[in-house]
Amino acid sequence: DVRQKKKTFLLNYALSHASKKSQQALLNILRMPEIDGESILQVKDIFESAGAITAAKESVNSYLALANKNLESLNGNGEIRHLNYLLNYISNRNF
């Protein structure tokens with residue numbers, strides 16, 4: 001996503017929560033015509049230090065809990081087991 005310069009949750013979070021120096025480093029990397037592996041590692045470090053990865057995990061967990069609550073309210077519907085399977089798959093997915 002970084003190489004493609006996508007405006008992801010992680011990038012937006014880091015740009016609003018990282019130090020000014022880290023924000024500038026991110027912007028400089030995004031201006032590069034091609035982003036190399038070393039720059040990707042630098043971006044990852046900035047994401048981690050800005051708390052973006054933790055924030056993303058917390059956001060995902062919040063939405064998964066909300067989805068689970070809504071699925072529970074639909075009890076009795078036979079198709080729910082497919083949605084529960086999907087929810088469990090997403091919950092246990094490794095990134």
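Keep in mind it's a predicted model, so treat the numbers as computed, not measured.

S.K.: So what's going on with the packing of helix H4 (residues 52–72) against helix H5 (residues 80–91)? Which residues, and what values?
M.R.: At a minimum axis separation of 11 Å, H4 and H5 run at an interaxial angle of 165°. One way to sum up the angle between H4 and H5 is to call them roughly antiparallel. In the packing of H4 onto H5, the handedness of the crossing is left-handed. Each of Leu64, Ala67, Asn68 and Leu71 in H4 lies in contact with H5, whose residues at this interface are Ile80, Leu83, Asn84, Leu87, Ile90 and Ser91. Taken together, the residues of the contact of H4 with H5 break down into seven nonpolar, three polar and no charged.

About the cut-offs
- Position numbers for residues count from 1 along each chain, tracking the sequence in the order it is written.
- Totals for whole chains, interfaces and linings use every residue, but because this is a predicted model, local features are given only for residues with pLDDT of at least 70 and side-chain atom pairs only at 80 or more, for both listing and counting.
- Side-chain calculation: all heavy atoms of the structure are included, whereas hydrogens and water are not.
- For helices, the fitted axis covers only the stretch in contact; all axes are lines through C-alpha atoms, and the angles between them, taken along N-to-C directions, range from 0 to 180 degrees.
- Put simply, DSSP H or I for four residues or longer makes a helix, DSSP E for two residues or longer makes a strand, and each gets a number counted from the N terminus.
- Relative orientations are named as follows: roughly parallel for angles under 35 degrees, roughly antiparallel for angles over 145 degrees, roughly perpendicular for angles from 65 to 115 degrees, and oblique for any other angle.
- For any helix crossing, the convention is left-handed if the near helix is rotated counterclockwise from the far helix by under a right angle, and right-handed if that rotation is clockwise.
- In this description, contact between two residues means that some pair of their heavy atoms is separated by no more than 4.5 Å.
- Each residue gets one of three labels, nonpolar for Ala, Val, Leu, Ile, Met, Phe, Trp, Tyr, Cys and Pro, charged for Asp, Glu, Lys and Arg, and polar for the others, Gly among them.

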